[in-house]
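# Structural overview for review
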Amino acid sequence: MTVPTLSRPTPERTAGRPGLGAQLLRRKPIGQMVTEADEGHNGTKLVRSFGVFQLTMISVGATLGTGILVILGESVPLAGPAIWISFAIAGLAALLSAVSYAEMAGLVPVAGSSYSYSYATMGEGMAWICGWCLVLEYAVSVAAVAVGAGQYVNEALGVFGQILPDAISQPPGDGGVVNIPAMVIVVLAMLLLVKGAKESAWINTAIVVIKVGILVFFCAVAFTAFNAGNFEPLLPMGAAGVSAAASSVFFSYIGFDAASTAGEEARNPKRDLPRAIMLSMVIVTTIYVLVAVAAIGARPWGWFDGTEAALVKILEETTGQPWIALVFAVGAVLAIASIVLTVLYGQTRILLSMSRDGLIPKIFGRVSRRTGTPVAGTLLVGIAVALTAGLVPLGALADATSIGTLFAFALVNVAVIYLRRTRPELERTFRVPLFPLTPILGAAMCGYLMLNLGADTWLVFGVWMLVGVAAYFGYGRRNSRVAALSHEEYRELSGRESSPLSTPEPTKAEIS
């Protein structure tokens, strides 16, 4: 019989179409994912232009700065002087998941991140849940980071005696009507991504260098005002406060998986993706803990309660030089722009993968022949995120992002265990150390941090998942490309997974 491919038009539904239970458990063959990435979809594909340096900068750009620049003032009151311990705990949880991401990124080097990993291991049902969580993680985190831009724009303008009125620099609920700076940053990132991924990557790299520089500069200044007494008592809110803060600041680490969404734009994804993920985690965790220690050493923890743009204010009070605050504020706005750019990039690539599989509308999977980017999907996502950033307060966004992220990370840890047991022969360019202890601890720590999030966050998550169930049954279930295959076609396609991925892929003649 003719061996089917998922890159051809979706076949009509037949009597052989699986029932609901069987469809939810249908896995997408890894070899087919790799073939689709290499051949593109409908004659177009993403451009492979990233090396390990650009991938690392994408990961660092999407991660570094969020928790320090935007939500430090909200997290310090939860943990007190032990906020640096909260960052370390969240960093450990992220690192345990990062090593699992590194193994899966080398094994399944395609766009889609944990959505694709779940589809290859646990089936369509879990892949949909993971993908829906990633939509929450990426889109909402872009909005959450952009919300903080208004604070730093005002700090920069304050040097000249000017300030934006709350009506146009704060969202409803925080004393304003719409956060214009947040919307502007998202729109600019959207337009840059439409132009091309390679151009976006180089601009992001330049901004990351500036971002690291301003945070190192902050530490140098803050340590001149260091007071060890600010760390006493270390745990004024107890261990529960440290855990609660760790759950909240985990939001600061979500960006490292942005590199895994670039699997189809990396020149050597099996080698470079694992290296980029691990290297970025080391850089980000080190800087986060260092900045947190410097900030608490410079000011008592109670000072942070209700303080916006805390790092700029520390510089102002420590040096008494307005120009220093101006430089840092401008650098902070650029840092926020870098996060918005790279996380928005990751969001569009995940939606591209879901669209390619038929689970969401085709418009998100259309790649421009001229730019090699999903232009229509980028515009739609950018506009939606810009509106969210302009109208929703920061606190609600940050917690909603954390719970979606933690769930997706837990699934990746489970995926590593599953594939080690069921497909031990597959070529792995990176292997999780101390298996199976590391992925088990990673999944358990993600679950623990989820339990420390508030009831309101769980309610939002529950509502979001119900909307996702409705979307799946309303569109995804009927349009799934994997489910559209007959039982015979699916068995034939899955049977090609019996050999390692290192063997040559079939030619077009062999599969047509």
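Refer to the preceding data block for the structure.
Let me begin by describing the structure that accompanies this report.

Definitions and cut-offs
- Residues numbered from 1 in each chain as written.
- Predicted model: local features only at pLDDT ≥ 70, side-chain atom pairs only at ≥ 80, totals over all residues.
- Heavy atoms only, no water.
- Helix = DSSP H or I, 4+ residues; strand = E, 2+ residues; numbered from the N terminus.
- Buried < 20%, exposed > 50% of the residue type's maximum accessible area, 1.4 Å probe, protein only.
- Contact = heavy atoms within 4.5 Å.
- Phe/Tyr/Trp six-rings, centres within 6.5 Å; stacked < 30°, edge-to-face > 60°.
- Lys NZ or Arg CZ within 6 Å of the ring centre and 35° of its normal.
- Patch = residues over 30% accessible without salt bridge, like charges linked within 9 Å, V, L, I, M, F, W, Y side chains within 5 Å.
- Areas by Shrake-Rupley, 256 points an atom, 1.4 Å probe, with all protein chains shown as cover.
- Salt bridge = Lys/Arg side-chain N within 4 Å of Asp/Glu carboxyl O.
- Lys, Arg positive; Asp, Glu negative; His and termini not counted.
- Charge placed at Lys NZ, Arg CZ, Asp CG, Glu CD.
- Axes fitted to C-alpha atoms, helices over the stretch in contact; angles between N-to-C directions.
- Parallel < 35°, antiparallel > 145°, perpendicular 65-115°, else oblique.
- Nonpolar A, V, L, I, M, F, W, Y, C, P; charged D, E, K, R; others polar.
- Left-handed = near helix turned anticlockwise from the far one by under 90°.
- Core = buried A, V, L, I, M, F, W, Y, C linked by side-chain atoms within 4.5 Å.
- Polar contact = N/O pair within 3.5 Å; in protein donor to acceptor, adjacent residues only side chain to side chain.
- Expected span 1.5 Å × (residues − 1).

### Looking at the overall build of the protein chain
When you go through the protein chain residue by residue, the secondary structure sums to 22 helices and zero strands. Of all 512 residues assigned to the protein chain, the portion counted as buried reaches 59%. Counting only contacts in the protein chain whose residues sit at least 6 apart along the sequence, the fraction spanning at least 24 positions is 84%.

### Some thoughts on unusual backbone geometry
The step from Glu232 to Pro233 runs through a cis peptide bond, and the omega angle for that step is -10 degrees. Residue position: Pro233 is located in the loop between α12 (197-222) and α13 (238-249). The backbone of Leu434 sits at a positive phi, close to 55 degrees, despite the residue not being glycine. Secondary-structure assignment places Leu434 in the loop between α18 (394-422) and α19 (437-451).

### Considerations on the environment of Ser116
By the secondary structure assignment, Ser116 is in helix α7 (residues 113-121). Residues in contact with Ser116, not counting those within four places in the same chain, are Met33, Val110, Ala111 and Ser353.

### A closer look at the packing of aromatic side chains
If you walk through the whole model with that rule in mind, you get 15 aromatic pairs. Considering the side-chain rings of Phe407 and Phe461, the 6.1 Å spacing of their centres and the 55 degrees angle between planes classify their relative orientation as tilted. One end of the pair, Phe407, is in helix α18; the other, Phe461, is in helix α20 (residues 455-479), and 54 residues separate them in sequence. Among the residues examined, Phe407 registers a relative accessible area of 23% and is labelled partly exposed. With relative accessibility at 8%, the residue Phe461 sits in the buried group. Its guanidinium or amino end placed over the ring of Tyr490, Arg26 lies 4.3 Å from that ring's centre, counting from NZ or CZ. The ring of Phe435 has Arg420 lying over it, and the distance from NZ or CZ to the ring centre is 4.3 Å.

### Points about a negative patch on the surface
Together, Glu74, Asp166, Asp174 and Glu308 line one region of the surface with negative charge. Considering the arrangement of structural elements, one finds Asp174 in the loop between α10 (166-169) and α11 (180-195). By relative accessible area, Asp174 is classed as partly exposed at 39%.

### Quick word on the packing of α11 against helix α17 (residues 375-391)
Contact geometry for α11 and α17: axes closest at 8 Å, N-to-C directions at 170 degrees. Taken together, the axes of α11 and α17 are roughly antiparallel relative to one another. Mapping the contact onto sequence places Ala182, Met183, Val186, Val187, Met190, Leu193 and Val194 in α11 and Val375, Thr378, Leu379, Gly382, Ile383, Val385, Ala386, Leu387, Ala389 and Gly390 in α17. Taken together, the residues of the contact of α11 with α17 sort by class into 14 nonpolar, three polar and no charged.

### Some remarks on the pattern of salt bridges
Counted according to the given criterion, the structure contains eight salt bridges. Residues Glu427 and Lys270 are paired through a salt bridge, measuring 3.7 Å at the closest nitrogen-oxygen approach. Here the residue Glu427 occupies a position in the loop between α18 and α19, and Lys270 occupies one in helix α14 (residues 269-298), the gap between them amounting to 157 residues. For Glu427, a relative accessible area of 34% puts it in the partly exposed group. The network of salt bridges with common partners includes Glu103, Arg420 and Arg428.

### Details of the packing of helix α8 (residues 124-147) against helix α16 (residues 322-356)
Two numbers describe how α8 lies on α16: the axes approach to 9 Å, and their chain directions differ by 160 degrees. It follows that α8 is roughly antiparallel to α16 by the angle criterion. Handedness of the crossing formed by α8 with α16: left-handed. In this structure, α8 uses Trp128, Gly131, Trp132, Leu134, Val135, Tyr138, Ala139, Ser141, Val142, Val145 and Ala146 to contact α16, whose residues at the interface are Ile336, Ile339, Val340, Val343, Leu344, Gly346, Gln347, Ile350, Leu351 and Met354. Broken down by class, the residue content of the contact of α8 with α16 amounts to 17 nonpolar, four polar and no charged.

### Let's talk about the environment of Val184
Among the structural elements, Val184 can be located in helix α11. Owing to a relative accessible area of 41%, Val184 belongs among the partly exposed residues under this scheme.

### Structural notes on the nonpolar core
Membership of the largest hydrophobic core comes to 151 residues, with the highest contact counts inside it found for Ile83, Phe218 and Leu311. Once residues within four sequence positions are removed from consideration, Phe218 is found in contact with Val291, Ala294, Ala295, Leu311, Ile314, Leu315 and Phe328.

### Observations concerning the side chain of Thr438
Tracing the backbone shows Thr438 in helix α19. In this structure, Thr438 is in contact with Leu96, Val99, Asn413, Val432 and Pro433, ignoring residues within four places of it in sequence.

### Some thoughts on the environment of Val52
Locating Val52 in the fold gives a position in helix α3 (residues 52-63). Sequence spacing of Val52 and Ile277 is 225 residues, and the spatial spacing of their C-alpha atoms is 9.4 Å. In this structure Val52 touches Asp272, Arg275 and Ala276, once residues within four positions along its chain are discounted.

### Considerations on the side chain of Thr63
Position of Thr63 among the secondary structure elements: in helix α3. Using a relative accessible area of 1% as the deciding quantity, one classes Thr63 as buried. At 2.7 Å, the side chain of Thr63 forms a polar contact with the backbone oxygen of Ser59. Not counting chain neighbours up to four residues away, the residues in contact with Thr63 comprise Ser252, Tyr253, Gly255, Phe256, Val284 and Tyr288.

### Details of α8
Its 24 residues place the ends of α8 34 Å apart at the C-alpha level, agreeing with the 34 Å of an ideal helix rising 1.5 Å per residue. Among the 24 residues in α8, 22 count as buried, and that is most of the element.

### Describing a nonpolar patch on the surface
Taken together, the side chains of Ile168, Ile180, Val184, Val187, Leu188, Leu191 and Leu379 present a nonpolar region at the surface, about 530 Å² in accessible area. When residues of the nonpolar patch are assigned to their parent elements, the largest contribution, five residues, is made by α11. Tracing the chain through its elements places Leu188 in helix α11.

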